[in-house]
Protein chains: 2
Amino acid sequence: MAVNVAVVGATGAVGEEFLRILESRKFPVKELRLLASKRSAGKKMRFCGRDYTVQELTKHSFEGIKIALFSAGASISREYVPYAIASGAVCVDNSSAFRMDDDVPLVVPEVNPQDIAKHHGVIANPNCSTIQMVVALKPIHDAARIKRIVVSTYQAVSGAGLKAIDELQKETASILSGQEGFRRNLFPHQIAFNVLPQIPQNNAFLPNGYTSEEMKMVSETKKILGDNSVRVTATTVRVPVIRSHSESINIETEKKISAAAVKKLLSTAPGVQVADDPANQLYPLATMATGRDEVFVGRIREDESLDHGINLWVVSDNVRKGAALNAIQIAEKLL
Amino acid sequence: MAVNVAVVGATGAVGEEFLRILESRKFPVKELRLLASKRSAGKKMRFCGRDYTVQELTKHSFEGIKIALFSAGASISREYVPYAIASGAVCVDNSSAFRMDDDVPLVVPEVNPQDIAKHHGVIANPNCSTIQMVVALKPIHDAARIKRIVVSTYQAVSGAGLKAIDELQKETASILSGQEGFRRNLFPHQIAFNVLPQIPQNNAFLPNGYTSEEMKMVSETKKILGDNSVRVTATTVRVPVIRSHSESINIETEKKISAAAVKKLLSTAPGVQVADDPANQLYPLATMATGRDEVFVGRIREDESLDHGINLWVVSDNVRKGAALNAIQIAEKLL
């Protein structure tokens, strides 16, 4: 049964991906309403061979809408999700606005689909770097109980939007051509041929010295796994990659689990693709994951510094599984 | 008192840096002998305002030489260091050939200068990623005893030589201009706008699933700190950066030590520059460290997943402190 769908933030990196995935997965769309800021209103976007005109987001935008996909930042979600709910829509929200609210489910369909049913009009989509980590770790947590996670990320600039991709490309070209005086608008430091240990780039650090991205990986992981006893520490880093986040993950488990057992477990895990054949230089790469649905896992090896430890290398498309795909998977389960 | 100095591998990335640093530190060079493969023989290189002709390396190259700086790979070192010693030279070797030999000191002058005196003709220079880590961690180890280290690296392509820099730049330009079919000679996968969890790029993985670079960080750290009880696990990753390695380091200490105490300790530590003012978006960056002698440390914060844990972000110039500078500092202490 087809339903009316609204996309809030349609012209952004995730918004564009929403349209591609709704189309390719044949999501049962009856009417599609594309919403964005006044500045983007009037723009045309293509969906299933037809042009759609982007409309300005207002509190009246949600009449008749059944599913509203939000990806326009936390303040837009805070303001407009209540109107969408009042209009009778169920919202899947990509922002951090409601993620840690007790009465809002935070869902990765491969991990905690059962939480969807508990919603009161809004289901939160987790942070991109958290999603790919929990997809890879859930089967290990079930088998051996994860006590502690130490994660360092290698995150693509697309996580900061289309303007960030443009800035990386232009700054890179400027450096290669030997020009000086490139003017940055977005990143506080050079991102071309450099790595920045600050995500998001425009946010203040918290009093404990961590970034909000790092603390999201801590708190969201516990909520999605439904286990507050899992201890997490994170360092999140922007690298000059266009798309797909890589993560170096170290875990300590309660029960002993071998690298071979982890590999076997993950080879049948939902949403996971094991890419782990070092002899043939096969391991997950951003270039491999881009445009793909799966979370790629490789470099699976026992941590020799612990009795019960495993190291893994996890890569996934941050715009796809890290955002648009995960939200649409939630919407599919809602229907 | 000036001495005769030979540089083996003079035309490489580290060789070029040797000449710059010998000159800028006014190392007391009497005669300078530049040695390289037959292919590079005849090339001219400038030192202190004079041109020197590169000579072919042979077993007779070391007559009259007092200090021989080797940076031409492990197999060249294994073959020619014995001739240099037989000629009466003391060798400082940048390769991995002798690092783990029991009778060869492995030295970072800020950490274990006392080991230099134990040499029998050769002193090994550690791996670049290990050097910057132990410079940052030694003061913490002395104050609070480090029990375990989890490190993930973000390593520049210059660690793979001048050809790797060229390949990254050419591949990047090719991708930006939309050309297809770029032919790689060095890296097994795209390095432009990508990250590769394999260092070195041309080496087989070990039976335990780790790379040789990762295991060097484990074994060399213990040897330099003179403490086999320190447990280390590493994931080493190549990023599309020209120069300077970044490292995300997580440590567990025996004694409780606060982030403020670590910051204070490191602010007076030899060879360390604390760059840690998040409110002003100040943290170590590859662009900040390049061409500098210091190991930059920032993002110092308590690991809330442990009773006694600290996270740090450590960046240093891999060609300079990670190779040429460290070797010349050893040579200075030898004189």
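The following paragraphs examine the structure supplied in this document. Fair warning: this is a prediction, and the values are worked out from it, not measured in the lab. (Residues numbered from 1 in each chain as written. Chains lettered and ligands numbered in written order. Predicted model: local features only at pLDDT ≥ 70, side-chain atom pairs only at ≥ 80, totals over all residues. Heavy atoms only, no water.)

### Regarding the packing of aromatic side chains
Step number 1: According to the stated counting rule, one finds eleven aromatic pairs over all chains in the structure shown.
Step number 2: Measuring from centroid to centroid gives 5.7 Å for F62(A) and F70(A), while their planes differ by 20 degrees, and the two rings are stacked.
Step number 3: Residue classification places F62(A) among the buried positions, given a relative accessible area of 0%.
Step number 4: Joined through ring pairs, the aromatic side chains of Y154(A), W313(A), Y154(B) and W313(B) make up one cluster. (Phe/Tyr/Trp six-rings, centres within 6.5 Å; stacked < 30°, edge-to-face > 60°. Buried < 20%, exposed > 50% of the residue type's maximum accessible area, 1.4 Å probe, protein only.)

### Quick word on the environment of A41(A)
Step number 1: By secondary structure assignment, the location of A41(A) is in the loop between β2 (29-36) and β3 (44-47).
Step number 2: Between the C-alpha atom of A41(A) and that of P113(A), which follows or precedes it by 72 residues, the distance is 35 Å. (Helix = DSSP H or I, 4+ residues; strand = E, 2+ residues; numbered from the N terminus.)

### Structural notes on the pairing of strand β11 (residues 245-253) of chain B
Residues and elements named next belong to chain B.
Step number 1: Across the nine residues that make up β11, a large majority, eight, are buried.
Step number 2: Here strand β9 (residues 146-154) pairs with β11 via eight bridges, running antiparallel. Bridge pairing in β11 places R148 opposite E252.
Step number 3: Summarising the sheet, β11 and strand β14 (residues 309-316) pair through eight bridges and their orientation is antiparallel. Residue pairing in the sheet places I249 in a bridge with L312 of β14. (Pairing = 2+ DSSP bridges.)

### A look at the interface of chain A and chain B
Step number 1: Across the boundary between the two partners, chain A contributes 56 residues, which contact 56 residues of chain B.
Step number 2: For the pair chain A and chain B, the number of links is six salt bridges.
Step number 3: Put simply, R301(A) and E214(B) hold a salt bridge, and the shortest N to O gap is 3.5 Å.
Step number 4: For the interface between chain A and chain B, the tally reads 46 residue pairs in polar contact (both at pLDDT 80 or more).
Step number 5: Those elements giving two or more residues to the side of chain A that touches chain B turn out to be β9 (146-154), α4 (162-176), α5 (212-225), β10 (231-235), β11 (245-253), α7 (286-289), β13 (295-302) and β14 (309-316) of chain A. (Contact = heavy atoms within 4.5 Å. Salt bridge = Lys/Arg side-chain N within 4 Å of Asp/Glu carboxyl O. Polar contact = N/O pair within 3.5 Å; in protein donor to acceptor, adjacent residues only side chain to side chain.)

### Focus on the nonpolar core
Step number 1: If you look at the biggest cluster of nonpolar residues, it comprises 55 residues, and the most contacted ones within it are F62(B), I149(B) and L312(B).
Step number 2: If you tally residues by element for this core, the top one is helix α3 (residues 128-144) of chain B, at eight residues.
Step number 3: Built from parts of two domains, this core gets at least three residues from each of domain 1 (3-125 + 323-334) and domain 2 (130-318) of chain B.
Step number 4: By size, the runner-up hydrophobic cluster in this structure holds 54 residues, among which are F98(A), L106(A), L137(A) and V314(A). (Core = buried A, V, L, I, M, F, W, Y, C linked by side-chain atoms within 4.5 Å. Domains from an automatic or database assignment.)

### Re the relation of the copies chain A and chain B
Turning one copy of the chain about an axis and sliding it along that axis gives the other copy, so a rotation and a shift relate them.
Step number 1: Least-squares fitting of chain A to chain B yields an RMSD of 0.0 Å, with the transformation described by 0.0 Å of translation along the axis and a rotation of 180 degrees. Read as a symmetry element, the transformation amounts to a two-fold axis.
Step number 2: An overlap of 100% is found between the interface residues of chain A and their copies at the interface of chain B, pointing to a shared contact surface. (Least-squares fit on C-alpha atoms with pLDDT ≥ 70 in both.)

### So, α4(A)
Step number 1: For α4(A), which comprises 15 residues, the first-to-last C-alpha distance of 21 Å matches the rise-based estimate of 21 Å (1.5 Å per residue) to within 8%.
Step number 2: The inward-facing, buried residues of α4(A) abut α4 (162-176) of chain B.
Step number 3: G178(A), located one to two residues past α4(A), shows a positive phi value of around 75 degrees. (Expected span 1.5 Å × (residues − 1).)

### Some points on the sheet that holds β11(A)
All names here are of chain A.
Step number 1: Strand order across the open sheet formed by six strands is β10-β9-β11-β14-β13-β12, with mixed pairing between neighbours. Looking along the sheet, the strands with just one partner apiece sit at the ends: β10 and β12 (272-274). Taking each pair of neighbouring strands and ignoring which way they run, the sheet shows an average axis angle of 25 degrees.
Step number 2: The pairing of β13 with β14 spans five bridges and is antiparallel. Each bridged residue has a counterpart across the sheet, and for G298 the counterpart in β14 is W313. (Axes fitted to C-alpha atoms, helices over the stretch in contact; angles between N-to-C directions.)

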